[in-house]
Every structure is written in structure tokens, then in C-alpha cells.
Number of protein chains: 2
Amino acid sequence: MQRRSEYRPRLVSYVLNNKKEGRISKEITAKIKQAAIDLNYQPNHIARSLQAQKTMTIGLIVADIANPFSSQIARIIEDEAQKAGYSVIFGSSDEKASKTEKLIKLFLNRQVDGFIIAFPENTQTQAQYLKQIGIPFVMIDRYFPEITSNCVSINNYSAAASAINHLLENGRRKIGIVTYATALHHLNERKRGAIDLLGDDAAVGEIRIDHVAEDVAEAIAGFLALPEPVDAVFFSTNLLTVAGLKYLNSLNVKVPDQVAVVGFDETDAFDLFYAPVSYVKQPMTDLGREAVNLLLETIDDSSLQKSVTLDTELVARQSSVLLR
Amino acid sequence: MQRRSEYRPRLVSYVLNNKKEGRISKEITAKIKQAAIDLNYQPNHIARSLQAQKTMTIGLIVADIANPFSSQIARIIEDEAQKAGYSVIFGSSDEKASKTEKLIKLFLNRQVDGFIIAFPENTQTQAQYLKQIGIPFVMIDRYFPEITSNCVSINNYSAAASAINHLLENGRRKIGIVTYATALHHLNERKRGAIDLLGDDAAVGEIRIDHVAEDVAEAIAGFLALPEPVDAVFFSTNLLTVAGLKYLNSLNVKVPDQVAVVGFDETDAFDLFYAPVSYVKQPMTDLGREAVNLLLETIDDSSLQKSVTLDTELVARQSSVLLR
DNA sequence: CTGAAAGCGCTAACAG
DNA sequence: CTGTTAGCGCTTTCAG
């Protein structure tokens, strides 16, 4: 941890950067390297950051790092960033605009080189602010159609449509859709993708994010009490899917016999359900990788403006198979 | 983002620190604060860190941030750290000593004020090194009995014992134990807590961490092929529990009729299983909170040496109820 | 090729 | 009360 050496000034720069310019004789090079090892020299990244105006740090803002979707993405981002020498500092927004704003300020003060953010509702201002001050950032998962900026997301509309089509092809007639009551565009695209295929036949339950269990129960109870009860439910989110399955269990409704189910995102819970749950699988690895790469490109060329849209895969299993 | 003001030098220090010493007249105070707002002054945390020799950053090293146990802990740590003005930089060790070493070096270079680490196997050297250089750190979840240092963990021995006792009380006679083949002390304590109650009656399966599905299947198959087949299985980890349940499902073994199950740690999957799974519940919030608090205390007083051991709770549900 | 010096933005110390 | 200065550890620049 100590430094102090007879060669202070350019030693560090040399040892670390192998600079061509200002070449140093081979013997002194060796001597310096040896000295660095002997003294267990450890560069002070902070000092370097201050002078370079670059911290090699990415600020990651997710909804909640404890949510599997967020943490899986975080893991990929960690790995991908690390390959390029970047570290990741993270924060959870809890879907709150105010927390998002605080985290952005904080990370900005900490001089992160760029952001990867899953923006909550009503944070257009924050996105605009980042654009305005010209700091590199990429929106992941969520995005604002009215703000053109770097963005990595899935094709939400067709992802939902594929789930509904699958249910229709498997003989389901009356399909319930469970989604959040939200202004989040990506979720509304999922809703639209589903409804466009169903028209008036669609039953829609809109769940308040802070009353998930309660509202999901109410929505499904409503679906089942319809004159023509639903024979399938599509959930637009993993949390909603889990909540929905719990409620169906508590009602002793048989999946898929009475109600078929298609969920969104992957979780172990889907495998363990007595009828393994069909779901829309997001390309997590690609999402994370593309986000980091796009950010790094933007750090290099701040004028960049690119949108990456990835396709999903429908994993069909027992929870939605054809009725016999 | 720009600074530049007529009051450069002590403005910043004052505005930010509200220092008592070197008091400033009220009017100039107001003027300075106004100027800070007008210029949208944002302190440069990096510069401050360099001079203060303090980054207000905690390095968190977990096994894998994508694992729910890690990410739940990370979330608590984030919140708790934030209350004290700290940010969290994280890395996943993948249970590899080499990755752990790299991350420690990296975070050290980045001048973190302290570490919270879930040490993998064979990283005693790393822990010793941290002790030796005198940087504050606390071990979480995992620890080395031979290294006295700050540590927050659960009482693994009695946690496992409580699970076994519960199974015995519910009429189970032959209990299988599924755990990792590992040098990790906390897992071996769980094993010991279980075996001490069972003696020769225990059937033990030791799973290689990189062959979980395969080895779990083999272990359980073995349990069931015993002259006296097991009527219960205790899993020492959430990943093992999930793998075990999947395999039992594939065998069409009925839980709890044929085999009772107690798992470790919580996950949504346990709720959705047709027989909600009993499990040893770790006090996640307390674990995270204590870890941060202990670290902060150690940052204040580096001579501190404290071990916090927390108790677990057995959540008994249908997967292990009394046979009728 | 190698020393010396400046400066990144901040805070602490020391004079006015 | 307020202005000036030095220095955190690094890299870049400018002289030798």
C-alpha cells in the first residue's frame, strides 16, 4: 500500500501505461517494475480519476436490485463492464422519480462516466437533464417514446402478441390480461400487443404497483366471475405472474385445465409450479451486453444515438398446452 | 455543472459542511448559497475523496449478485449504507478465490473505505491480507473460524438442528441431507447441526458446486434406493432446495406424502410448489443492517473486533407436516 | 532519455 | 470573519 520510491513522478505513469512516447531504457524499465513489485505499489485510482476526469465507473439504476430481473441484468452488466475495465456502482429507484433523481445527482457528483438506467414513471425530466448536460447514458428495459436517446429494450408489443397468439392457437377463447396501471411505455406496449389481438374479448386487470397481491386477486376474481369466464390469463411481468399463480392456487383453480397461464420473464418458481409455467423469455444476456456496449460507444462518441430492440422467445410449457 | 464563482476557495467547504469554526456572516452565507444554486454547483466527490482520503464507498463482494440471497442482501446494504452517506460498489466472486482476490485489489485501488465480503472457499489469505493492511471489513454469511475478525452470520448449527428436529417431531425417521462438498465453514456447520441429531441414520449427499443438478439427482436417487429409503430431505441452501424439488417432481415423488422437505432461505418458488415448502428463514434485513453498522463502527474505530450471530426461524408449512 | 513542475477540485491550515 | 496557500496522488508538459 505504500508508495515512496526513488522514481516517483513518471514511474507510475510508465509502469501502468506502457507509453511509447518518452521511452525508457530497458534496464531502468525492469528496475522500475521490480521496485513497483517490491513496494507492492498500488495505484490510487481516485487520484488518477481526478486528473483524467474519468472514473471508469458506470452508474446503474434499477427498480430494485433485489428483484431477480434487476439482479440478473446487474450481473451481466458487471461482467461486461469489467471486461472493459469499468466498475459498477448501483442504486435502486423503487420505481420512484424522487429516488431516481437523488441517485442521478449522487452518481453525477461521484463523476461516473455514464449511466445505465431503468427509468421509472414520470422521469422524463431526468432523462432530458442527462441529455442536456451531455453525459452518456442508456435506457434499459424502459424508455420514453418521446425522448430519442440510447436505448436497449425488447419488442414488447410483439412479445405480448406472441403470448396471446400462443394461447389462441391452443384453443383459448377468453383471455384475461394482468398488467400494471402505469404510464410506463414498455408495459403499455405489452398491453397493446395483447389487446390488439383480442379486441372486445379482452378482460383487462390493471394492478396498482403498491397493492399487487390485493389487486391481482381482485382482477382474477373478476375474470372468473365474468358471464363468460376467462380460460387463460396473460401476465405482463414476473411479479404479477407469481402473485397471480399464488392466487389461483389459493382458489384451487387448476392450471391449465381451467385456466391457462403465460407469464413474463423467467424465475425458478415457474419450473416448480405443478404445471411448469409458459413464459415470454427476455434475452437477458443480450440486454445487458448491448447496454454496456452501447454505453461504451457513447462514452467514446457522445453524439451517438442508437436504439437496440431485441426479440423475445415464447417458452411454451404445460401451463398453456392445448386442451384435450 | 460548472463551478467558477467569485468565492472559490472556502465557499465549497462552507456550503457543504456548515462548519462552526470559521463562521461566516449571515448575509454572505446567503449570498454564497444563492450563488451555489445559481451556478448549479455540484461538488466533485472525487476531488473531495482524494484530499479527505475517504471515498464514502463500500466494496461489496458476493458470490453472485444474480442469486436472490446475494441480491436481497445487497439491497439491504444499499439502503443502510445510503443512510450513512455511503455508496456501494459491487462484484461477484463466483465462489472463486482468484476473482475475489482481483476484486479486492480493484476495490482497494479504488480506495473503498471498507468491505463487506462473502468469502468463498480458500480465501483465508485474502482475509488475512485485509486484516494485515488494516482496512475495515466485515465477513457476511461466510466466515473462517480460525480468523478472528468482524463477522455477521447466522447460527448455522442450530438452524440446521431446528430443521431436523422439526422433521423428527413430525414423525420422519430416515432423513437425507443435501449439502455442498465444500470447505465453507458455515455450510459444514449446517451439516454438523443436522448430522449430530441423526447419527448413523443420516444419509448425506455432498454436491459439487459446478454440477448441482446432476449431483442432486444422484444423491436423491441414492436416498430413495436405500434399504430404508428416506422419508424426508433437508437441503442446506436455496439453490440445492430448488434443484431437489425439481428432481423430486420429475420422479413424481409426492411431497410430503412420500418425502418431506425442508429448505434453506426463502424464494417465491417455495410458495408456488404444490406443497408450500418449509424452510429455514434467515433474518436478511438484520444480516445486512448489522453488516453495514459493524463496518461503519470499524471505520470509526479500526481496532474493533466483533462477531454478530443471528438466529433463524423455521417456517413450517405443508411440505413437512405430520403424516396422518 | 530523465528530472521538475503544474494542475485536476477539494479542504485544512495559516495569515491577515 | 475572510483571503491565500499547500497538498491529496496522479499524468502531462516542458526543460534539460
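Analysis parameters
Residues numbered from 1 in each chain as written. Chains lettered and ligands numbered in written order. Predicted model: local features only at pLDDT ≥ 70, side-chain atom pairs only at ≥ 80, totals over all residues. Heavy atoms only, no water. Helix = DSSP H or I, 4+ residues; strand = E, 2+ residues; numbered from the N terminus. Expected span 1.5 Å × (residues − 1). Buried < 20%, exposed > 50% of the residue type's maximum accessible area, 1.4 Å probe, protein only. Contact = heavy atoms within 4.5 Å. Buried area = accessible area lost by both parts, 1.4 Å probe. Salt bridge = Lys/Arg side-chain N within 4 Å of Asp/Glu carboxyl O. Phe/Tyr/Trp six-rings, centres within 6.5 Å; stacked < 30°, edge-to-face > 60°. Lys NZ or Arg CZ within 6 Å of the ring centre and 35° of its normal. Least-squares fit on C-alpha atoms with pLDDT ≥ 70 in both. Pairing = 2+ DSSP bridges. Axes fitted to C-alpha atoms, helices over the stretch in contact; angles between N-to-C directions.

Asker: Teacher, can you tell me more about helix H8 (residues 185-198) of chain B here?
Answerer: Given 3.6 residues per turn, any residue in an α-helix points the same way as the ones three and four places further on. All names here are of chain B. Taking 1.5 Å per residue, 14 residues should reach 20 Å; H8 reaches 20 Å between its end C-alpha atoms and fits that length. Residues His186, Leu187, Glu189, Arg190, Lys191, Gly193, Ala194 and Leu198 constitute the buried set of H8. Buried positions along H8 lie against strand S5 (151-154), helix H7 (156-169), strand S6 (175-180), strand S7 (203-207), strand S8 (232-235) and strand S9 (260-264). In the stretch just after H8, Gly199 is the one whose phi turns positive, near 60 degrees.

Asker: Just to check I follow, could you spell out the interface of chain B and chain A for this structure?
Answerer: Taken together, the contact pairs 49 residues of chain B with 49 residues of chain A. Buried area between chain B and chain A, both sides added, is near 4400 Å², and the carbon and sulfur share of it is 57%. Among the residues chain B hides against chain A, the three largest losses belong to Ile46(B), Arg110(B) and Leu272(B). Together they make up 17% of the total. Where chain B meets chain A, there are 8 salt bridges.

Asker: I would appreciate a short explanation of the packing of aromatic side chains in the present structure.
Answerer: For any pair of aromatic rings, geometry is given as the distance between the ring centres together with the angle between the planes. The full count for this structure, using the stated rule, is 13 aromatic pairs over all chains. Seen from their ring centres, Phe90(A) and Phe90(B) are 5.4 Å apart, and the 75 degrees between their planes marks the pair as edge-to-face. Taken together, the residues Phe90(A) in strand S2 (residues 87-92) and Phe90(B) in strand S2 (residues 87-92) connect one chain to another. Judged by relative accessible area, Phe90(A) falls into the buried class, the value being 3%. An angle of 25 degrees between the planes, with centres 6.4 Å apart, marks the rings of Phe107(A) and Phe115(A) as stacked. In terms of burial, Phe107(A) and Phe115(A) fall into one category: buried. Feature note: the residues Phe119(A), Phe137(A) and Phe144(A) constitute an aromatic cluster, connected by ring pairs. The positively charged end of Lys254(B) is found above the aromatic ring belonging to Tyr274(B), 5.4 Å away from the centroid.

Asker: I keep staring at the environment of Ala260(A) and nothing clicks. Help me out?
Answerer: Residues and elements named next belong to chain A. Along the chain, Ala260 falls in strand S9 (residues 260-264). Among the residues examined, Ala260 registers a relative accessible area of 0% and is labelled buried. Separated by 59 residues in sequence, Ala260 and Ser319 have C-alpha atoms that sit 5.5 Å apart. Contacts of Ala260, omitting those with residues within four sequence positions, involve Leu167, Arg172, Asp231, Ala232, Val233, Ser319 and Ser320.

Asker: Mind showing me how you'd approach the relation of the copies chain B and chain A here?
Answerer: Copy one and copy two of the chain differ by a rotation about a common axis and a shift along it. The two copies are related by a screw operation: chain B maps onto chain A through 180 degrees of rotation and 0.0 Å of translation along the axis, at an RMSD of 0.0 Å. Here the two chains are linked by the operation of a two-fold rotation axis. Residues of chain B ranked by C-alpha distance from the rotation axis are headed by Ala269(B), positioned 1.8 Å from it. Interface residue correspondence from chain B to chain A reaches 100%, placing this contact among same-surface, isologous pairings.

Asker: Help me understand unusual backbone geometry in this model?
Answerer: When glycine is set aside, most residues are seen to have a negative phi, and most peptide bonds are trans. Here the amide bond leading from Val255(A) into Pro256(A) is cis, since omega sits at 5 degrees, within 30 degrees of zero. Counting through the fold element by element, Pro256(A) comes out in the loop between helix H10 (238-251) and S9. Although it is not a glycine, Asp94(B) sits at a positive phi angle of roughly 55 degrees. You can see Asp94(B) is positioned in the loop between S2 and helix H5 (97-109). Residue Asn122(B) is not a glycine yet carries a positive backbone phi of 55 degrees.

Asker: Got a minute to help me understand helix H12 (residues 284-300) of chain A in this structure?
Answerer: Residues and elements named next belong to chain A. In this model H12 runs 25 Å from its N-terminal to its C-terminal C-alpha over 17 residues, within 8% of the 24 Å that 1.5 Å per residue would give. The complete set of buried residues in H12 reads Met284, Leu287, Gly288, Ala291, Val292, Leu294, Leu295, Leu296, Thr298 and Ile299. Summarising the contacts, the buried residues of H12 are in contact with strand S1 (57-62), helix H4 (68-83), strand S3 (114-117), strand S4 (137-140), strand S5 (151-154) and strand S11 (307-310).

Asker: In this structure, what is going on with the sheet that holds S6(B)? I would like to understand it.
Answerer: Across a sheet, strands are paired by hydrogen bonds formed along the backbone, either parallel or antiparallel in direction. Residues and elements named next belong to chain B. Judged by pairing direction, the sheet is mixed, and its 6 strands sit side by side in the order S7-S6-S8-S9-S10-S12 without closing on themselves. Unpaired on one side and paired on the other, S7 and strand S12 (313-315) mark the two borders of the sheet. Put simply, the sheet's adjacent strands are angled 20 degrees from each other on average, direction ignored. For S6 and S8, the ladder comprises 4 bridges, and the chain directions are parallel. Following the sheet pairing, Val178 is matched in S8 by Phe235. Lying over the sheet, H7 contacts S6, S8, S9, strand S10 (278-281) and S12, oriented at roughly 165 degrees with respect to S9.

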